[in-house]
Amino acid sequence: MTRNATIRFQIKAALAVSALLAGTAAGSTPARTPTSPPVAPDGSDSLNASASTVLPSAPQATGTVDVTNIPAEPLPAPVAEPEPEEQAMGTGMASWYGPKFAGRRTANGETFNPRELTAAHRDLPFGSLVRVTYPRTGRSVVVRINDRGPFVRNRVIDLSEAAASHLGLKRAGHGQVELALIEG
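Here's what I pulled together on the structure shown here. Remember, predicted model here, so these are calculated numbers, not experimental data. (Residues numbered from 1 in each chain as written. Predicted model: local features only at pLDDT ≥ 70, side-chain atom pairs only at ≥ 80, totals over all residues. Heavy atoms only, no water.)

## Structural notes on the pattern of salt bridges
This structure, assessed with the given rule, holds 3 salt bridges. We note a salt bridge from E86 to R131, for which the minimum N-O separation is 2.7 Å. Of this pair, E86 sits in strand β1 (residues 85-97) while R131 is found in strand β3 (residues 129-134), placing the two residues 45 residues apart along the sequence. Classification of R131 as partly exposed rests on a relative accessible area of 26%. Residue E161 pairs with K170 through a salt bridge whose shortest N-O separation is 2.8 Å. Its relative accessible area of 17% is what places E161 among the buried residues. (Salt bridge = Lys/Arg side-chain N within 4 Å of Asp/Glu carboxyl O. Helix = DSSP H or I, 4+ residues; strand = E, 2+ residues; numbered from the N terminus. Buried < 20%, exposed > 50% of the residue type's maximum accessible area, 1.4 Å probe, protein only.)

Here it is as structure tokens:
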């Protein structure tokens with residue numbers, strides 16, 4: 001028997017089993033037809049009993065299973081992550097800076113991107129997270145300190161353009177905000 005004939009025989013057998021199983025999976029019992037013993041591709045009555053040509057018989061459908069009354073196991077309760085603690089830092093005037101400084105280096109060596117939620121503060125360590133709340137709009141945003149400033153009198157924080165936009169502070173240019181240091 002040639003290699004191509006063997007492959008064709010295996011493909012036909014696999015397709016027959018797939019069709020039989022598809023009918024069983026769909027809930028219908030396949031029609032039984034009398035079959036003659038399998039004939040080898042070379043025309044002889046005996047098949048070479050190699051593992052690649054022996055196919056298992058298809059399972060028979062025994063009915064349907066009602067899964068609607070199977071009791072479900074309860075899911076485990078979700079584990080709530082502890083919220084980081086916030087330390088109030090008071091209120092003060094915030095301003096923002098943006099496109100004019102885009103691409104320049106910040107005090108910690110990063111390239112300033114006005115679309116990131118960052119800010120400049122005079123004293124806080126780089127990487128500190130600060131929640132800035134703008135009471136006028138009721139919005140708040142968490143920013144990461146990556147620069148020094150502001151260098152304008154009576155200002156406590158300089159926000160990136162993205163942070164100012166999120167708070168609703170961009171159009172006004174500056175505004176009174178509440179600050180809270182996020183610990184953890």
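## A short note on the nonpolar core
Core analysis: the biggest nonpolar cluster contains 18 residues, and V130, V132, V143, I157 and L159 have the highest contact counts within it. With sequence-adjacent residues up to four places away left out, L159 is seen in contact with A94, S95, W96, Y97, T118, A119, V132, V143, A164, L167 and L169. (Core = buried A, V, L, I, M, F, W, Y, C linked by side-chain atoms within 4.5 Å. Contact = heavy atoms within 4.5 Å.)

Function cannot be read off these values alone, since they describe shape.
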